[in-house]
Amino acid sequence: MTADDTIYEAQGYMDEDLHEADIVEWYETRPVTVSTAVATGAIVTAFTLGALAAVGALFLIGRLDD
């Protein structure tokens, strides 16, 4: 009897329980699909919003110096 056997017996497991296979079902998630037009639109929109935010920040910084 090993130390592992003693631990398993203390937890109420029998030796036969440890050798039985558990049935586990794994479901693979479906990949997210986005059309090329939607991806391009999202990239262009993000770039435009970033550019507008940068110009706005530079404008405000310039106004604060006056």
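All values reported here derive from a predicted model rather than from experimental measurement.

Quick look at the overall build of the protein
Point 1. A count of helices and strands for the protein gives three helices and zero strands.
Point 2. In sequence order, the protein lays out its α and β elements as α-α-α.
Point 3. The 66 residues of the protein split such that 0% are buried.
Point 4. Summed over its atoms, the accessible surface of the protein is roughly 6600 Å², and 64% of this surface lies on carbon and sulfur atoms.

Thoughts on the confidence of the model for the protein
Point 1. Chain-level pLDDT for the protein is 77 on average; 59% of the residues reach the 70-or-more range.
Point 2. No element of the protein has a lower mean pLDDT than helix α2 (residues 15-19), at 54, and none a higher one than helix α3 (residues 36-65), at 92.

Focus on a nonpolar patch on the surface
Point 1. Together, V32, V34 and V38 line one region of the surface with nonpolar side chains, adding up to about 310 Å² of accessible area.
Point 2. For V32, the position within the fold is in the loop between α2 and α3.

Rules behind the numbers
Residues numbered from 1 in each chain as written. Predicted model: local features only at pLDDT ≥ 70, side-chain atom pairs only at ≥ 80, totals over all residues. Heavy atoms only, no water. Helix = DSSP H or I, 4+ residues; strand = E, 2+ residues; numbered from the N terminus. Buried < 20%, exposed > 50% of the residue type's maximum accessible area, 1.4 Å probe, protein only. Areas by Shrake-Rupley, 256 points an atom, 1.4 Å probe, with all protein chains shown as cover. pLDDT = per-residue confidence, 0-100. Patch = residues over 30% accessible without salt bridge, like charges linked within 9 Å, V, L, I, M, F, W, Y side chains within 5 Å. Salt bridge = Lys/Arg side-chain N within 4 Å of Asp/Glu carboxyl O.

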